[in-house]
Amino acid sequence: MTRTAPATTMNKTSAIGFALATLALPSFAQEDIFSQGGRSAGGRFGSSIAGGFDVDGDGLADFVVGEPYENRLGPMTGAVRVVSGANGADIYLRGGNSAYDLFGASVALGDLDGDGRAEFIVGAYGDDSNGTDSGTVFVYSGASGNLLYTLTGDEGDHFGFSISFVPDTNGDGRGDFVVGARAADTNGNNSGAALLFSGLDGTLLHEFGGEAAFDLFGSAVAGCVDLDGDGLGDLICGAYLNDAQGSGAGRAYVYSGASGSLLFTLQGTGVGDAFGYAVDDAGDVNGDGASDLIVGAPSNDTSFQNAGQASVYSGVDGTLLMVVNGDAPGDNFGSTVAGSLRIDGDGLDDFMVGTIASDANGVSSGMVRLFAGLDGSELATLLGSSPGARLGSALCSAGDMDLDDNTELLIGAWGEDGGAGAFSGVVHLVAFAAPSTLFNSYCNSNLNSLGVAATISAVGSNSLASGDLELVADGLLANQTGLFFHGSNQVQFPFGDGFLCVAGQLFRYGIVAADAVGQARLLVDYAAPPVAANQITAGSQWNFQFWYRDNHSSNAGFNLTDAMALTFAP
């Protein structure tokens, strides 16, 4: 492995949005925030995704997407785009150096230098800088987009086949990262390797190797929030062709990031399971305060032949917590997995599993299924938009991009036509939320000049003692002012460009401004109500609405959200 100096980068370009995949959903509220399409026919945009960190410094999480078959400098040169979570615009565009580099086959995102802005890491496992298919990893500054350093494998290693950010492992206060080299010959031909690097300067911290020839150890890697209680990050590595439990049954290995010692091993249950093909930090699914783990076994036959399986384990000791299975032969459920999601509002992390081979909406349309971390019950199913879309080609948590206290999801579909031709690919940014029991919505809201019907909601609780109720208005014009108000009666009659839905005794809160994504928030201060009298008491019900300016409207110049009714508790 070698480390080299920066090279020239490409210029920033603008992003383009495309139509979303067809969705099949139960009772959970779902919003398709936006989609991004690839710009090269056959480029397979959405083959890799990483998100959940702020790159451009606006306080909102952004994401990076790989397009490894992009052909700007020849077949499979590859490219990546770093995309704003606020509006879908490109932050940076970077590309491979030559044909067959497969630049962008893997990507990662995380703050490596402690400046509060995430760096982006790109794998090009077909790069030949140190021999055929030696592979190279490129580390870029999030603040400037400049190339900070590169790391290169040895000939034939496929170094950079997989990459993951790892929370600080060496106590320097900065994030680190792990790189998989699935074809390294550490313990025999293609036994595979994974290497943990300091994010600060690319220093090698630990190296891990596959147990036997052709294990393909390092085909999947993931960083984990502290598993062993030492306050430092840890990691999991998959070897899906390991034969310990039968030919190709597969294994996954969990390591201490601090010492590099093996914490425990997880393994497939049958011949050909391909256990360890996909791995991730599942978040805390059992409420013990420690992260747990999810492992995909896409060729498992428990339900049907090659239907696939995903298993969730305790991050503390590897105890099996739950198993979910594919529901059709040949689906290869578990080919992608992602955890650390907050979907159903129960305070525990949830997870999702992809199957690009699913034929539920046409041959290889793909499917993604969301599950509750509490008990593995299914929360939602997302279907690919058309035959060949391959929805679920990459999955990750986007973090809380719209600041609504729920996790948004990033889902790749590299076979979908993103507008540039067949297999140009699409990435979908999707939000889910459980139906609220905190408030009841009522009344209508008219479209504003953005073509959006603004809404009001609330997060926190209705308990006066808790004092954590926050009012939220969405779908507003960025940076425009408005105000929340509440009243005793429910009505609906035209007012400005919308409807007034609250009447009777009205109480107005102070003026607030919408942020860059058109959201306004206000924490209700029960000790300082809009007027001296304390109107909100335990057992009382009040109706809330938000009035806002819309200077681009050709009519009244202001509009209103819908309304909600909320009953307060002690």
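Everything numeric here is computed off the predicted structure, so don't read it as measured data.

All right, on to the domain arrangement of the chain then. Once the domains are mapped, the chain shows domain 1 (25-432) and domain 2 (439-568). Centre-to-centre separation of domain 1 and domain 2, based on C-alpha positions: 39 Å.

With that settled, consider the side chain of Ser-540. Residue placement: Ser-540 occurs in the loop between strand S36 (520-523) and strand S37 (541-549). Judged by relative accessible area, which is 14%, Ser-540 ranks as buried. Polar side-chain contacts of Ser-540 include one of 2.6 Å to the backbone oxygen of Thr-537. Beyond its immediate stretch of four places on either side in the chain, Ser-540 contacts Gln-535, Leu-566, Thr-567 and Phe-568.

The next subject is the confidence of the model for the chain. Summarising the model, the chain shows a mean pLDDT of 90, and 92% of its residues fall at 70 or more. Across residues 2-26 the pLDDT falls below 50, and counting only partners more than four positions away or on other chains, this stretch makes 82 contacts in the model.

On inspection of all chains with the given rule, the structure shows eight salt bridges. When the shortest N-O distance is used, the salt bridge between Arg-521 and Glu-470 registers 3.2 Å. Residue Arg-521 is located in strand S36, and its partner Glu-470 is located in strand S33 (residues 470-474); the two are separated by 51 residues in the primary sequence. Through salt bridges with shared partners, a single ionic network connects Arg-39, Arg-81 and Asp-90.

For the rest of this paragraph, the subject is unusual backbone geometry. One non-glycine residue, Asn-190, lies in positive phi territory at about 55°. Under the relative-accessibility criterion, Asn-190 is labelled partly exposed at 24%. Here Cys-443, not a glycine, exhibits a phi torsion of approximately 75°, which is positive. Position of Cys-443 among the secondary structure elements: in the loop between strand S31 (440-442) and strand S32 (455-459).

Its place among the elements puts Thr-355 in strand S25 (residues 350-355). For Thr-355, a relative accessible area of 1% translates into the label buried. Note: C-alpha distance between Thr-355 and Gly-308 (47 residues apart in sequence) is 8.6 Å. Among residues more than four places away in sequence, those in contact with Thr-355 are Asp-331, Asn-332, Phe-333, Ser-335, Gly-366, Met-367 and Leu-391.

So, how was this worked out
Residues numbered from 1 in each chain as written. Predicted model: local features only at pLDDT ≥ 70, side-chain atom pairs only at ≥ 80, totals over all residues. Heavy atoms only, no water. Domains from an automatic or database assignment. Helix = DSSP H or I, 4+ residues; strand = E, 2+ residues; numbered from the N terminus. Buried < 20%, exposed > 50% of the residue type's maximum accessible area, 1.4 Å probe, protein only. Polar contact = N/O pair within 3.5 Å; in protein donor to acceptor, adjacent residues only side chain to side chain. Contact = heavy atoms within 4.5 Å. pLDDT = per-residue confidence, 0-100. Salt bridge = Lys/Arg side-chain N within 4 Å of Asp/Glu carboxyl O.

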